[in-house]
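Report on the structure
So you can see what is in the structure, the chains are spelled out below.
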Amino acid sequence: GADLFESFVGSVVAACVLGAPEFGSKGVALPFYIVMIGLVVCVLCTSFIKVTSSNGPGTTPSLDDLLAAMRMNVLVAASLITVILLLLCAFMFEDEDNYFTDIARNDHYGKLATYPQIQHPEVHYAGLRHVSFNQLNPGFRIFGAVLVGLVAGILIGMTTEYFTSHTDLPTQSIAEASEYGPGPVIIQGLGMGSYSTVIPLVLIIGAVLGAYYFAGFYGTAISCVGMLSTLGVT
């Protein structure tokens with residue numbers, strides 16, 4: 001619990017520090033809005049969760065039934081959070097539509113100053129068509145960064161479930177290794193533990209690059225907040 005709390009608070013503080021110079025009070029407020037929306041949605045979804053037995057009515061639900069209900073709870077909560085955050089970012093940053101364009105324009109004319117032989121802007125970068133994506137409402141770009149983190153967090157959770165569930169191969173292979181003594185159990189456990197870090201590592205690297213592409217350093221920080229927004233149900 002303390003580790004999760006520290007991760008959540010650290011991501012919020014980082015987003016506030018990076019958001020203040022770029023978007024002022026809006027950049028500081030957005031991480032807290034994401035936290036609030038995530039907590040409320042997770043509490044609501046948890047209160048409506050229902051576990052049904054796959055063996056028919058009147059029977060006790062199995063562990064697989066419980067896991068399936070929790071998995072559905074995570075997906076529903078993530079979907080609701082996504083819709084709410086899309087609307088929030090679109091309206092919250094609708095008057096900031098020149099921020100990323102200004103960065104692109106400064107970068108563009110900075111290159112012109114570096115290479116003075118280029119006399120006409122339309123020759124270089126074809127009139128800023130190269131950076132047309134930057135002309136989007138920054139709210140959509142920030143939402144894209146949040147969505148990248150949210151999706152990465154869900155996929156990391158699914159990966160963790162796969163490597164720790166008793167119904168999947170990694171855990172079963174460790175149990176089978178126990179037939180040959182304690183040594184193979186340790187070796188197989190260490191091997192599966194190493195394998196289990198590969199997919200999360202790739203996902204985190206991809207999330208960092210994707211979030212930075214959408215909204216720079218602020219996008220990287222805000223994507224971490226989005227990744228932890230479903231913490232209440234995961």
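Keep in mind the model is a prediction, meaning the values are calculated, not measured. Residue positions within a chain follow its written sequence, with the count starting from 1. Residues qualify for local features only when their pLDDT is at least 70, as the model is predicted, and side-chain atom pairs are given and counted only at 80 or more; totals for whole chains, interfaces and linings, by contrast, use all residues. Only hydrogens and water are removed before side-chain values are computed, so all heavy atoms of the structure are retained for them.

Section: the layout of surface pockets
The method is simple in principle: a probe with the dimensions of a water molecule rolls over the atoms, and the space it marks as empty is what remains. The condition is simple: A 1.4 Å probe that fits into a set of points on a 1 Å grid over the protein atoms alone but cannot get out defines a cavity; an open set with protein on both sides within 12 Å along at least five of seven lines defines a pocket, and lining residues are those with an atom within 4 Å of a point. Grid points are joined across faces, edges and corners, and a volume is the space filled by probe spheres set on the points. Starting at the N terminus, helices and strands are each numbered in turn, a helix being any DSSP run of H or I of at least four residues and a strand any DSSP run of E of at least two. In this classification, the charged set is Asp, Glu, Lys and Arg, the nonpolar set is Ala, Val, Leu, Ile, Met, Phe, Trp, Tyr, Cys and Pro, and all remaining amino acids, among them Gly, are polar.
Considering only enclosed or pocket space, the largest pocket measures out at about 720 Å³ in volume. Around the largest pocket, the lining is made up of 24 residues, and of these Gly153, Ile156, Gly157, Met158 and Thr234 lie nearest the centre. Residue contributions to the lining of the largest pocket peak at eight residues, all from helix H6 (residues 138-164). When its residues are assigned to classes, the lining of the largest pocket shows 12 nonpolar, nine polar and three charged.

Quick look at the confidence of the model for the protein
Selection criterion: Residue-level confidence of the predictor is summarised by pLDDT, bounded by 0 at the bottom and 100 at the top. Contact definition: two residues touch when any of their heavy atoms are within 4.5 Å.
Considering every residue of the protein, the mean pLDDT works out to 80; 81% of them sit at 70 or more. Within the protein, no element has a lower average pLDDT than helix H5 (residues 125-128), which sits at 39, and none a higher one than helix H9 (residues 198-227), at 92. Here residues 101-132 is modelled with pLDDT under 50, and outside its nearest four sequence neighbours on either side it reaches 20 contacts, counting other chains as well.

Considering the packing of helix H2 (residues 25-47) against helix H3 (residues 63-92)
We count it as follows: To get an axis, a line is fitted to the C-alpha atoms, and for a helix only the part in contact is used. The angle between two axes follows their N-to-C directions and goes from 0 to 180 degrees. Roughly parallel covers angles under 35 degrees, roughly antiparallel covers those over 145, roughly perpendicular covers 65 to 115, and oblique covers all other angles. Two helices that cross are described as forming a left-handed crossing if the nearer one is turned anticlockwise from the farther one by less than a right angle, and a right-handed crossing if clockwise.
Their axes nearest at 9 Å, the elements H2 and H3 cross at an angle of 150°. Compared by their axis directions, H2 and H3 come out roughly antiparallel. Crossing of H2 over H3 shows right-handed handedness. Of the residues in H3, those in contact with Lys26, Ala29, Leu30, Tyr33, Ile34, Ile37, Gly38, Val41, Cys45 and Thr46 of H2 are Asn73, Val76, Ala77, Leu80, Ile81, Ile84, Leu85, Leu88, Cys89 and Met92. When grouped by side-chain class, the residues that make up the contact of H2 with H3 number 16 nonpolar, three polar and one charged.

Points about a nonpolar patch on the surface
This is how it is decided: Each patch is built from salt-bridge-free residues with over 30% relative accessible area, joining like charges within 9 Å and nonpolar side chains (Val, Leu, Ile, Met, Phe, Trp, Tyr) within 5 Å. The protein chains shown are the only cover counted for residues, whose accessible areas, like all others here, come from Shrake-Rupley with a 1.4 Å probe. Each reported salt bridge corresponds to a side-chain nitrogen of Lys or Arg within 4 Å of a carboxyl oxygen of Asp or Glu.
Judged by side-chain polarity, Met72, Leu75, Val76, Leu80, Ile84, Leu147, Val151, Leu155 and Met158 come together as a nonpolar surface patch covering roughly 680 Å² of accessible area. At the level of elements, H3 and H6 are the ones that each hand at least two residues to the nonpolar patch. Looking at which element gives the most residues to the nonpolar patch, the answer is H3, with five residues. You can see Ile84 is positioned in helix H3.

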